Amino acid sequence: MRGFLRTSDTLLSLAPKITTVGRENCDVTIQSPNVDLQHALIEFCPEEGCFVLQDLNSAQGTYINDTRIQNAAVRLAPFDQIRFGYGGAIYQFELDEVSNYRSEEHTSE
């Protein structure tokens, strides 16, 4: 299973195990003053077969579906809306399996 973060013009592939998000030296680099140097991480949990998002105690916060997460690890669901920093760009979490299912469902109509 592969995970992705999608914006209106970009599709970012998540690393197989851990993806770091921040302004510098991270797998996903977001150039915004509202994003900390090391802001959050997204980890694949093989035991549960899911991706988990953890805020790294960032100053501006990490939001899932407009709810701020703080000092917690939150399981991501397909199509969750994620923002790194208050008022930041919205990233939609997607899985390759869900995208394939949606494509098949759409073409069968």
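Look above for the structure.
First things first, this report covers the structure right here in the doc. (Residues numbered from 1 in each chain as written. Predicted model: local features only at pLDDT ≥ 70, side-chain atom pairs only at ≥ 80, totals over all residues. Heavy atoms only, no water.)

1. Points about the pattern of salt bridges
Heads up, the condition is: In the sections that follow, a salt bridge refers to a side-chain nitrogen of Lys or Arg positioned within 4 Å of a carboxyl oxygen of Asp or Glu. A run of H or I in DSSP becomes a helix once it reaches four residues, and a run of E becomes a strand once it reaches two; helices and strands are each numbered from the N terminus. The classification of residues rests on relative accessible area computed with a 1.4 Å probe and restricted to protein chains. Under 20% of the type maximum is buried, over 50% is exposed, and intermediate values are partly exposed.
Under the defined criterion, the tally for this structure stands at three salt bridges. Note that Asp66 is salt-bridged to Arg83, the shortest N-O span being 3.4 Å. Placement of the pair is Asp66 in the loop between strand E7 (62–64) and strand E8 (67–69) and Arg83 in strand E10 (residues 81–84), with a sequence separation of 17 residues. Exposure remark for Arg83: the relative accessible area of 13% places this residue in the buried category.

2. Examining the sheet that holds strand E3 (residues 18–22)
Note the following rule: By the convention used here, strands pair only if DSSP detects at least 2 bridges between them.
Judged by pairing direction, the sheet is mixed, and its five strands sit side by side in the order E4-E3-E5-E6-E9 without closing on themselves. The two strands at the open ends of the sheet, each matched to only one other strand, are strand E4 (28–29) and strand E9 (73–75).

3. Regarding the pairing of strand E6 (residues 50–55)
On any regular strand, side chains alternate: one points to one face of the sheet, the next to the other face. Sheet topology places strand E5 (residues 40–45) next to E6; six bridges connect them, and they run antiparallel. By the bridge assignment, Cys45 is partnered in E6 with Cys50. Bridge count for E6 against E9 is three bridges, and the pairing is antiparallel. Within the sheet, the bridge partner assigned to Leu53 lies in E9 and is Val74.

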